[in-house]
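Descriptive analysis of the structure
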Amino acid sequence: MLKPLISGFIAYAARLRFPTLFKITAAVFVLNLFLPDAIPFLDEIILGLGTALLAAWKKRKDPQPPV
């Protein structure tokens, strides 16, 4: 029952930019540290957010070509 909700949340998070996605991932990770297994599937959410975070992590500007 929760799998469609988790996949929907991960799909939403994958569209976010790096700083926002990092903040959400960090907040969920800290929540998981203080409340382990209080929210079902929280570990899977963190893994999905981490995957989306690594996919969004890229250089912001291309280096200038040498003149």
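Going by the structure above, here's the rest.
First, a word on what this report is: a plain description of the structure on this page. Being a predicted model, the structure only gives us computed values, none of them experimental.

For helix 1 (residues 3–14), spanning 12 residues, the distance from its first C-alpha to its last is 16 Å, which sits close to the expected 16 Å at 1.5 Å a residue. Within helix 1 the residues assigned to the buried category are Ile6, Ile10 and Ala13. When helix 1 is viewed along its axis, its buried side chains cluster within an angular range of 60 degrees and face the same direction. In helix 1, the exposed positions angled more than 90 degrees off the buried face are occupied by Pro4 and Leu5. The inward-facing, buried residues of helix 1 abut helix 2 (18–34) and helix 3 (42–56).

Conventions used here
Residues numbered from 1 in each chain as written. Predicted model: local features only at pLDDT ≥ 70, side-chain atom pairs only at ≥ 80, totals over all residues. Heavy atoms only, no water. Helix = DSSP H or I, 4+ residues; strand = E, 2+ residues; numbered from the N terminus. Expected span 1.5 Å × (residues − 1). Buried < 20%, exposed > 50% of the residue type's maximum accessible area, 1.4 Å probe, protein only. Arc of directions from axis to C-beta. Contact = heavy atoms within 4.5 Å.

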